[in-house]
Protein chains: 2
Amino acid sequence: MKTSPLDKDTIAALSTAPGVGAIAVIRVNGSEAFKICSKIFRKKNAKSTDISKLESHTAHYGDIVHKSIVIDDVVLTVFKAPNSFTGENIVEIACHGSSYIQQQLLQLLVKEGCRLASPGEFTFRAFLNGKFDLTQAEAVADLIASHSSTSHHVAMQQMRGGFSGKIKVLRDSLIDFASLVELELDFSEEDVEFASKSDLKKHVISMQAILDKLVRSFELGNVIKNGVPVCIAGRPNAGKSTLLNALLDEDRAIVSDIPGTTRDTIEDEIVLEGVRFRFIDTAGLRATTDSIETQGIARTHQAMKLASVVIYLFDVHELSSTELQKELDQLKQHMPSAELIVTGNKIDKEDIGYTKKEFAGFKNILFISSKEKQNLEELKTKLIDIFDDKSADIPETIITNARHVEALQQTFNALTRVKEGLDKKISGELLASDIRDALHYLGLITGEVSTDDLLQNIFSRFCIGK
Amino acid sequence: MKTSPLDKDTIAALSTAPGVGAIAVIRVNGSEAFKICSKIFRKKNAKSTDISKLESHTAHYGDIVHKSIVIDDVVLTVFKAPNSFTGENIVEIACHGSSYIQQQLLQLLVKEGCRLASPGEFTFRAFLNGKFDLTQAEAVADLIASHSSTSHHVAMQQMRGGFSGKIKVLRDSLIDFASLVELELDFSEEDVEFASKSDLKKHVISMQAILDKLVRSFELGNVIKNGVPVCIAGRPNAGKSTLLNALLDEDRAIVSDIPGTTRDTIEDEIVLEGVRFRFIDTAGLRATTDSIETQGIARTHQAMKLASVVIYLFDVHELSSTELQKELDQLKQHMPSAELIVTGNKIDKEDIGYTKKEFAGFKNILFISSKEKQNLEELKTKLIDIFDDKSADIPETIITNARHVEALQQTFNALTRVKEGLDKKISGELLASDIRDALHYLGLITGEVSTDDLLQNIFSRFCIGK
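Residues numbered from 1 in each chain as written. Chains lettered and ligands numbered in written order. Predicted model: local features only at pLDDT ≥ 70, side-chain atom pairs only at ≥ 80, totals over all residues. Heavy atoms only, no water.

Trainee: With reference to specific residues and values, describe the packing of aromatic side chains.
Mentor: Residue and element names in this part refer to chain B. As enumerated under the stated definition, the model contains 16 aromatic pairs over all chains in all. Relative to phenylalanine 132, the ring of phenylalanine 85 has its centre 5.7 Å away and its plane inclined at 75°; by these criteria the two rings are edge-to-face. Of the two residues, phenylalanine 85 is situated in the loop between β5 (69-79) and β6 (90-96) and phenylalanine 132 in the loop between α3 (121-128) and α4 (134-145); the sequence distance between them amounts to 47 residues. Classification of phenylalanine 85 by relative accessible area gives partly exposed; the value is 23%. Residue classification places phenylalanine 132 among the buried residues on the basis of a relative accessible area of 15%. Residues tyrosine 312 and phenylalanine 314 carry aromatic rings whose centres are separated by 6.3 Å and whose planes lie at 20° to one another, so their mutual orientation is stacked. For the pair tyrosine 312 and phenylalanine 314, one class covers both residues: buried. (Phe/Tyr/Trp six-rings, centres within 6.5 Å; stacked < 30°, edge-to-face > 60°. Helix = DSSP H or I, 4+ residues; strand = E, 2+ residues; numbered from the N terminus. Buried < 20%, exposed > 50% of the residue type's maximum accessible area, 1.4 Å probe, protein only.)

If you want it as structure tokens, here you go:
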């Protein structure tokens, strides 16, 4: 890809979360980083400090000074190219965490020759300098956004090059074949066969199997990244909100043990054994002629279609087993792929013996009390079990990114054309072109092939300062 | 003061602002900091890393590992006692800025033997280890909370020991006198005079003058710290809200130039030339018999009493000069100490010549248009001028803390008793006791004298991680 002159600028940004904290870290990156920071920083009791003379990976206590006024006392850490996050010279300034100081310091850096960094620009520099490929850079953003141990684990593995490694193996072997096919073209008059067509076909088939497995892992990858969508459905008075609150409350209590995490707690999500479950709000389900209510029910049906799990909740005192069967039969029309957990609520109100007898004909039915928080653990275990079943047969590498799926799918299609071409014995030129297509799409994933639009699209999703 | 066993714990906290950022910094402090962090950190490509063997003030790229799972890759910086913020061993871990990772890392540190730090506990350790006195520690909190260049400047000066130095000089000279008086007590049978009573009295008087100046600086210190309270008063249709918005909007536009600062923008405040002006909302002023409206007006009068500046706004087309005079006469009854800026609004509607003629009899009157943003600069200059006038005759050291004022006032009172005692030629014992009182109150300011309650009260106001 083309690099723009902007990529030579020395850039600065607040790298820690915005707002007031004990400290804040401002990152300065680029060829002029040391020169610019030397103008405003001096070590304690020094008249001036030449940062370029300081050793890499050392921290220094001193003052930020502008026109002989001390703006703050800070700890400045030096990272010299190429041993830094971006591969360029970096200065990290840890200042006191007031918004005012952050602002003053950034303004001062701009005055002395920095440009404020765009979102993701530090990671983009790291990519330009070969510190990361694209999937690794994308994983950085996923890592920062991760909310559960599974999403964190997947992002971490991707950042450390697990997925890239897999793609590289596929690409390298395809390049070997491509070069043999291209070689044949050079010697086409002599009618030699460098690349064994049957070997190539075998290879294409095994590649497609790997690609297919990766593509199929996306369904799981998506729920890992965004949470398993769970829909609690049932009649209006079945106790859906009480159940949701009971599930959420316990979770919240755990989360808020650690100060500073509450701000990011997202409503209607729980994390169980490292897996995030995202609850979709639904209106109560009941037969109605009211048009507004009918719309609400249509939306509930829509939510059930999107869900991976539907918890059907009913009041054990309201429905007979016959009525329950009828409701479940209706329900199943609206949930083609989701797993169903049938859950009888309000068992605190009455003798459980009667309830168990009445619904004895239903397998896998759960009885709970949302109000008294009875048997909620069983329900949670059920949710986890469903996730574990779904994730039992998955490859080690999991795709979480729609862009990757698209490129893998396009690679797969190009390989199908290669396979068909081999069967039809098409010309070497056409075969080579299809192989090049496949290589192109694989290259898009890791960034060996990229366009400005693609890069813009990827890095603009980052937060500032990364 | 007594130190508690808790002060020996190794403590950890998120030191950057809560929420999601590119990076977050977790600080670990105490005697076990190196040992605990060595259990979870290893440098890239190393099997294990003994942090105690790393040099102070060096940064190291590596992994946080728990049960062979990599939680994050981080940059870890080592600060060895006594060359650290607290004077104890410190490890700062810069991790990826997701809430999930922050939480995981803190949990892991707790598991390995850290305790989560209380608010201000790092600064408290610095105080215990003699890195700071109390006024300097308090200044750290003020610095983090500062919103304008003046409040920042005052906090910065206090943090660097400006105020403490002043108190120390006063205290040392008083200690000299105290010891002479106490010496006389030991030799009381011999009737010698070590301390010249007239010198002591002179000294007490000059000390009181300094104390008085410091106490008086609090009025200014308070407006610097909390903003100059400004009240815009006037009839309901005078255009008060439009003026406020016009003033605020321009300011907001400037502030939001720097990403990440908007979150902390506080409504109804502007910063002009480094001074914060805080606008107090008021109801419109007019003669009324409506009881609710009367209450609103009473509140406006109350606001005017609290304000340092009242901008009286009127519509130049609504009032004649006679009516204006009448309104101003009424107004002045309700503002015993505030400065008044009389401001005619809506000059965009008509010929300015007529307006100038009509109100020629008023000195220092301003004519503006809030709607068209005409002459707003003049109004701002006026605000700044008033602040500058008020701050012309102030000592170099400014008190911004009510606790300090109280202690200074009590010192002053104890010195008054010393002075009266000297006049009345009271016994050496009583004199020595009054001097000890004065010393006690002075010592409270810097923390030479402190109680657990006082320390608790001061440090609990800090944010976590500082």
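There's more to say after this.
Trainee: Explain the pattern of salt bridges residue by residue, including any values.
Mentor: All names here are of chain A. Scanning the model with the defined rule gives 48 salt bridges over all chains in all. Across the pair glutamate 112 and lysine 39 runs a salt bridge, and its minimum N-O distance is 3.5 Å. Highlighted residues: glutamate 112 in the loop between α2 (99-111) and β7 (115-116) and lysine 39 in helix α1 (residues 33-40), separated in sequence by 73 residues. Between glutamate 121 and arginine 125 there is a salt bridge, with its nearest N and O atoms 4.0 Å apart. Of this pair, glutamate 121 and arginine 125 both sit in helix α3 (residues 121-128), four residues apart, roughly one helical turn. Here glutamate 121 matches arginine 125 in class, with each residue buried. (Salt bridge = Lys/Arg side-chain N within 4 Å of Asp/Glu carboxyl O.)

Trainee: How would you explain the interface of chain B and chain A if you had to name every residue and give the values?
Mentor: Between chain B and chain A, the residue contacts involve 57 residues of the former and 56 residues of the latter. On the surface where chain B and chain A come into contact, there are two salt bridges. Among the salt bridges present, the one from Arg160(B) reaches Asp63(A), with a minimum N-O distance of 3.1 Å. Our count for the contact surface shared by chain B and chain A stands at 12 residue pairs in polar contact (both at pLDDT 80 or more). (Contact = heavy atoms within 4.5 Å. Polar contact = N/O pair within 3.5 Å; in protein donor to acceptor, adjacent residues only side chain to side chain.)

Trainee: Residue-level account of the relation of the copies chain B and chain A, with values.
Mentor: For the match of chain B to chain A, the screw axis carries a shift of 0.1 Å, the RMSD comes to 0.2 Å, and the turn is 180°. The relationship between the two copies is best expressed as a two-fold rotation axis. For chain B, the residue whose C-alpha comes nearest the rotation axis is Thr58(B), separated from it by 2.0 Å. Counting the interface residues of chain B, we find that 98% of their copies in chain A are interface residues as well, pointing to one common contact surface. (Least-squares fit on C-alpha atoms with pLDDT ≥ 70 in both.)

Trainee: Tell me about a negative patch on the surface, and name the residues and values.
Mentor: Residues and elements named next belong to chain A. Taken together, Glu273, Glu339, Asp385, Asp388 and Asp389 make up a surface patch of like negative charges. The biggest single contributor to the negative patch is helix α12 (residues 376-390), with three residues. Along the chain, glutamate 273 falls in the loop between β9 (269-272) and β10 (275-280). A relative accessible area of 67% places glutamate 273 in the exposed class. (Patch = residues over 30% accessible without salt bridge, like charges linked within 9 Å, V, L, I, M, F, W, Y side chains within 5 Å. Areas by Shrake-Rupley, 256 points an atom, 1.4 Å probe, with all protein chains shown as cover. Lys, Arg positive; Asp, Glu negative; His and termini not counted. Charge placed at Lys NZ, Arg CZ, Asp CG, Glu CD.)

Trainee: Can you lay out the pairing of strand β8 (residues 228-234) of chain A for me, pointing to particular residues and giving the numbers?
Mentor: Residues and elements named next belong to chain A. β8 sits mainly inside the fold: seven of its seven residues count as buried. Neither face of β8 is left uncovered, since the one carrying Val228, Val230, Ile232 and Gly234 and the one carrying Pro229, Cys231 and Ala233 both have all their residues buried. The pairing of β8 with β10 spans four bridges and is parallel. Its bridge partner being in β10, cysteine 231 is matched across the sheet by isoleucine 280. Sheet analysis places β8 next to strand β11 (residues 309-315), joined by five bridges and oriented parallel. Across the sheet, the residue bridging to glycine 234 is leucine 313, located in β11. (Pairing = 2+ DSSP bridges.)

Trainee: Quick rundown of the sheet that holds β8(A)? Include the residues and the values.
Mentor: Residue and element names in this part refer to chain A. The six strands are arranged β9-β10-β8-β11-β12-β13 in an open sheet whose pairing can be described as mixed. With partners counted over all chains shown, the strands left at the sheet margins are β9 and β13 (366-367), one partner each. Inspection of the sheet shows β11 paired to strand β12 (residues 339-345) by seven bridges, in the parallel sense. By the bridge assignment, aspartate 315 is partnered in β12 with asparagine 345. Against the sheet, helix α7 (residues 197-226) touches β8 and β10, its axis set at about 80° to β10. (Axes fitted to C-alpha atoms, helices over the stretch in contact; angles between N-to-C directions.)

Trainee: Which residues make up unusual backbone geometry, and what values go with them?
Mentor: The omega torsion of the bond from Ala81(A) to Pro82(A) falls at 0°, within 30 degrees of zero and hence cis. Turning to its location among the elements, Pro82(A) is positioned in the loop between β5 (69-79) and β6 (90-96). With a phi angle near 50°, Lys67(A) is a residue other than glycine that sits in the positive phi range. In this fold, Lys67(A) is placed in the loop between β4 (58-66) and β5. A positive phi angle, close to 65°, is found at Asn45(B), a residue other than glycine. Looking at the secondary structure, you find Asn45(B) in the loop between β3 (41-43) and β4 (58-66). The exposure class of Asn45(B) is exposed, given its relative accessible area of 84%.

Trainee: Requested: an account of the environment of Ser148(B), with residues and values cited.
Mentor: Tracing the sequence through the fold places Ser148(B) in the loop between α4 and α5 (149-159). On the basis of relative accessible area, Ser148(B) is assigned to the buried category, the value being 0%. Contacts of Ser148(B), omitting those with residues within four sequence positions, involve Tyr100(A), Ile224(B), Val271(B), Gly274(B), Val275(B) and Arg276(B). There is a polar contact of 3.4 Å between the side chain of Ser148(B) and the backbone oxygen of Gly274(B).

Trainee: Got a sec to walk through the confidence of the model for chain A? Specific residues and values, please.
Mentor: Residue and element names in this part refer to chain A. Per-residue pLDDT for chain A has a mean of 85; in total, 90% of the residues score no lower than 70. Low confidence marks residues 251-267, where pLDDT is under 50. Its contacts with residues over four positions away, or in another chain, come to 27 contacts. In the predicted complex, the global pTM is 0.76; the interface-specific ipTM is 0.75. (pLDDT = per-residue confidence, 0-100.)

Trainee: Tell me about the domain arrangement of chain A, residues and numbers included.
Mentor: All names here are of chain A. Along its sequence, chain A is carved into domain 1 (11-131), domain 2 (140-222 + 401-447) and domain 3 (227-390). If you look at the interface, domain 2 gives seven residues, while domain 3 gives 10 residues. Summing the contributions of domain 2 and of domain 3, the shared interface buries around 600 Å²; its carbon and sulfur component is 55%. Counting the surface domain 2 buries against domain 3, the share from its top three residues, His147, Thr150 and Leu220, is 63%. (Domains from an automatic or database assignment. Buried area = accessible area lost by both parts, 1.4 Å probe.)

Trainee: An account of the packing of helix α1 (residues 33-40) of chain B against helix α2 (residues 99-111) of chain B is requested, with residue identities and associated values reported.
Mentor: Residue and element names in this part refer to chain B. Running from amino to carboxyl end, α1 crosses α2 at an angle of 120°, the nearest separation of the two axes being 10 Å. As far as their axial angle goes, α2 and α1 are oblique. Classified by chirality, the crossing of α2 by α1 is right-handed. Touching Ile36, Cys37 and Ile40 of α1 are Leu105, Leu108 and Leu109, all from α2. Taken together, the residues that form the contact of α1 with α2 break down as six nonpolar, no polar and no charged. (Parallel < 35°, antiparallel > 145°, perpendicular 65-115°, else oblique. Left-handed = near helix turned anticlockwise from the far one by under 90°. Nonpolar A, V, L, I, M, F, W, Y, C, P; charged D, E, K, R; others polar.)

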